[in-house]
Amino acid sequence: MRTEVLVVGGGMVGAATALALSQAGFEVTLLEKQPPDLSWSAERAYQPRVSALTRASEYFLKSLGAWQGIEKRRSQAFTAMHVWAEDAPNRIDLTADALGEANLGHVVENSVVQAALWEPLMASPVRVLSDSVSAMEATKTGREVRLSSGKRLHASLVVGADGAFSSVRQLAGIGLDTHDYAQAAVVGCVKTEKPNQDACWQRYQHTGPFAFLTLGSYLSSIAWYLPLEQKDWALSLNDRDFAQAVSQASNGFLGDVMEVGERAAFPLVRRHAQTYVRPHLVLVGDAAHTIHPQAGQGVNLGLLDAAALAEVLVEARQAEPETWCRRHVLRRYERWRRGDNQLVQRAMEGVDWLYTQQGGLAKPLRTQVLPQADRLDFVKQWLMQQALHGRGRLPKACQAGHS
Ligand SMILES: Cc1cc2nc3c(=O)[nH]c(=O)nc-3n(C[C@H](O)[C@H](O)[C@H](O)COP(=O)(O)OP(=O)(O)OC[C@H]3O[C@@H](n4cnc5c(N)ncnc54)[C@H](O)[C@@H]3O)c2cc1C
């Protein structure tokens, strides 16, 4: 089998990459070891993994024809974010009204985003294989890939979109820079006594942040950050004890937790691939970088990667049809995205330092200076614009009016 582009991994980022490249006229094959279940029922219990999607991601998903699949299933717009530290006198409030926006983004289950991408994907010319990569070799014109089923495939370009533990990255011998936060995020859906007012709430305590992300009036997704050694304890609690522990961890700011759903926990590690590019091979999404999820930017960065890669390849094929998959073209994508991904990773480190350090400069900054920032509307608005719409040069598909 031969293909122009082989995308390995059909999660949110891989599916978006495959769709964007196919819509631009590339011949694409998508390899996914666990294709998603596309059946849907509104009664389905909320899945523990959700993402807060920015406007840039919304525009991109609209341009791919996937946003309507999200709207048809379910999503929740949030109109405010409230952030504060347990030892600070007041909080920072960010509102859509102050920005002149209808909302500050949407909270969507990851499985809903993935299904909304797979629907148009299955109707597109993309060839989908339920398989995984077992070996890979560089050739003069591309990559020879052996699949676990024993099949062989030749691709002019391999896109590694196979997540944090990417086998494409490993088979290409690309190293990682890592930082272990020694923290875990416990996530799941809960019903609270008080309404969440269509907002996301994040309270910083010395062990890490605790967040409620709105999924409906009384329904929220939690992100409870704990020292890593407490992860198994949190997962071992029965529903009643878990509800009580979450009420305590949140300090009851949405009242008691009344009901809890399925939960999951993830150890948190920052990873950055030492390069995104090898001959005829490129990395996107979590295969290239993972960040602390406290500001909900991980998949948003991955979708920016997907849109940027598609834009670079389309421009290159128009300008230089013979060399669109060569290293110098792929390096354009890396130069475009690496700095932004690194900036957001480092910003998360700064926030972590500011909110968790008990001594030195962090404490007076957190408890005395930062609460005053709530009055600095222009600073808040600038920060919100950066988070919602993206920073620096944005791929065209992530801008207003493109879809
Ligand atoms: C607790 C938590 C909360 C988060 N909250 C947010 C948030 O609010 N907003 C946000 O933007 N981000 C958030 N993130 C980050 C976000 O979930 C990830 O960045 C995102 O899921 C990465 O998508 P991906 O498609 O790159 O990788 P993945 O979702 O890991 O997808 C990889 C895909 O590749 C497939 N695969 C793997 N190996 C192979 C193989 N060898 N062959 C074939 N297929 C393979 C897998 O089955 C999977 O489908 C959060 C992360 C965590 C841990």
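Residues numbered from 1 in each chain as written. Predicted model: local features only at pLDDT ≥ 70, side-chain atom pairs only at ≥ 80, totals over all residues. Heavy atoms only, no water.

K.L.:
Before we move on, could you go through a nonpolar patch on the surface and cite the residues and values that matter?
P.N.:
The grouping of Leu-376, Phe-378, Val-379, Trp-382 and Leu-383 at the surface amounts to a nonpolar patch, some 530 Å² of accessible area in total. Along the chain, Phe-378 falls in helix H12 (residues 377–389). (Patch = residues over 30% accessible without salt bridge, like charges linked within 9 Å, V, L, I, M, F, W, Y side chains within 5 Å. Areas by Shrake-Rupley, 256 points an atom, 1.4 Å probe, with all protein chains shown as cover. Salt bridge = Lys/Arg side-chain N within 4 Å of Asp/Glu carboxyl O. Helix = DSSP H or I, 4+ residues; strand = E, 2+ residues; numbered from the N terminus.)

K.L.:
Give a detailed account of helix H8 (residues 239–249), specifying residues and quantitative values.
P.N.:
For an α-helix, 3.6 residues make a turn, and residues three or four places apart therefore share a direction. Among the residues of H8, Phe-242, Ala-243, Ala-245, Val-246, Ser-247 and Ala-249 are the ones counted as buried. The secondary structure elements touched by the buried residues of H8 are strand E12 (176–192), strand E13 (199–205), strand E14 (208–214), strand E15 (219–227), helix H7 (231–236) and strand E16 (257–273). Directly after H8, the chain includes Asn-251, whose backbone phi takes a positive value near 60 degrees. (Buried < 20%, exposed > 50% of the residue type's maximum accessible area, 1.4 Å probe, protein only. Contact = heavy atoms within 4.5 Å.)

K.L.:
Outline the packing of helix H2 (residues 55–63) against helix H9 (residues 298–319), supporting the account with residue identities and numerical values.
P.N.:
Viewed as axis vectors pointing N to C, H2 and H9 meet at an angle of 45 degrees, and their least axial separation amounts to 9 Å. Taken together, the axes of H2 and H9 are oblique relative to one another. Crossing of H2 over H9 shows left-handed handedness. Along its contact with H2, which presents Ala-56, Ser-57, Phe-60 and Leu-61, the element H9 presents Asn-300, Leu-303, Leu-304, Ala-306 and Ala-307. The class makeup of the residues in the contact of H2 with H9 is seven nonpolar, two polar and no charged. (Axes fitted to C-alpha atoms, helices over the stretch in contact; angles between N-to-C directions. Parallel < 35°, antiparallel > 145°, perpendicular 65-115°, else oblique. Left-handed = near helix turned anticlockwise from the far one by under 90°. Nonpolar A, V, L, I, M, F, W, Y, C, P; charged D, E, K, R; others polar.)

K.L.:
Help me get a handle on unusual backbone geometry, residues and values and all.
P.N.:
At Ala-182, a position not held by glycine, the phi torsion is positive, near 55 degrees. Along the polypeptide, Ala-182 turns up in strand E12. A positive phi angle is found at Asn-251, which is not glycine, with a value near 60 degrees. Tracing the chain through its elements places Asn-251 in the loop between H8 and E16.

K.L.:
Summarise the sheet that holds strand E7 (residues 106–109); cite the residues concerned and give the values.
P.N.:
Across the sheet, three strands lie side by side as E3-E7-E4; this open sheet has antiparallel pairing. The sheet is open, and its two edges are formed by strand E3 (50–53) and strand E4 (76–77), each paired on a single side. The sheet contact formed by E4 and E7 spans two bridges and is antiparallel. Within the sheet, the bridge partner assigned to Gln-76 lies in E7 and is Val-107. (Pairing = 2+ DSSP bridges.)

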